[in-house]
Amino acid sequence: MSSENTVSINGQPHALPDDPRVSLLDMLRHHLGLTGTKKGCDHGQCGACTVLVNGVRINSCLTLAVMHDGDEVTTIEGLGTAQNPSALQRAFVERDAYQCGYCTPGQICSATAMLDEIAAGWPSDASDSLDGPMEVSAEEIRERMSGNICRCGAYANIVDAIRDVAGEAA
Ligand code: FES
Ligand code: FES
């Protein structure tokens, strides 16, 4: 299949919707039934809808599906399964890093890309220098994950889970 008018979702090609008003979030949830990605605010404020596009995290509620012709999208379903979870998925369970679980897919997608950003030396507002290397400190994690809101307030355990995977747990 040509990449024209298709988007790869978790490694599978899908035709883009005919309606140019469909957000990527609605395509995932309503057209494809990938309900792991959550709609919290639908306004770019909560991070529940975070997915990876070509390895970079974005809010899928703020982008139109038709803008992603030829892109590679990864959702929480593409990171791991119950039988074969990713390291972050396992750490969130082990650290009890969720309560209702609504924000959790977005938190894990965001953390997955965030650890790559730190490894690549991208600075944040919490970084001591612009040049790195970046430390995976609790302060860095809190700053870099500040776009992902948890209504249950599971933040302390979320930070611990991410630090576990970064290999810097206390
Ligand atoms: S649903 Fe997209 S940021 Fe809240
Ligand atoms: S675990 Fe409930 S919103 Fe985060």
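Check the entry above for the structure.
Residues numbered from 1 in each chain as written. Chains lettered and ligands numbered in written order. Predicted model: local features only at pLDDT ≥ 70, side-chain atom pairs only at ≥ 80, totals over all residues. Heavy atoms only, no water.

Peer 1: Is there a simple way to think about the sheet that holds strand β3 (residues 50–53) in this case?
Peer 2: The five strands are arranged β2-β1-β5-β3-β4 in an open sheet whose pairing can be described as mixed. The open sheet is flanked by β2 (12–15) and β4 (56–59), the only strands paired with a single partner. Each strand of the sheet is rotated relative to its neighbour by a mean of 35°, with strand direction disregarded. Pairing of β3 with strand β5 (residues 72–74), which is carried by two bridges, proceeds in the antiparallel orientation. Looking at the pairing, L52 lines up with T74 of β5. Helix α1 (residues 24–31) rests against β1 (6–9), β2, β3, β4 and β5 of the sheet, and its axis sits at about 105° to β3. Of the strands in this sheet, β3 and β4 touch helix α4 (residues 104–119), which is tilted by about 40° from β3. (Pairing = 2+ DSSP bridges. Helix = DSSP H or I, 4+ residues; strand = E, 2+ residues; numbered from the N terminus. Axes fitted to C-alpha atoms, helices over the stretch in contact; angles between N-to-C directions. Contact = heavy atoms within 4.5 Å.)

Peer 1: For this particular structure, what's the right way to read the layout of surface pockets?
Peer 2: The volume enclosed by the largest pocket comes to roughly 150 Å³. When contributions to the lining of the largest pocket are tallied by element, the ones reaching two or more residues are α3 (87–94) and α4. The element contributing the most residues to the lining of the largest pocket is α3, with four residues. Residue composition of the lining of the largest pocket, by class: six nonpolar, four polar and one charged. (1 Å grid on protein atoms, 1.4 Å probe; cavity = no way out; pocket = protein on both sides within 12 Å on 5 of 7 lines; lining within 4 Å. Points joined across faces, edges and corners; volume = space filled by probe spheres on them. Nonpolar A, V, L, I, M, F, W, Y, C, P; charged D, E, K, R; others polar.)

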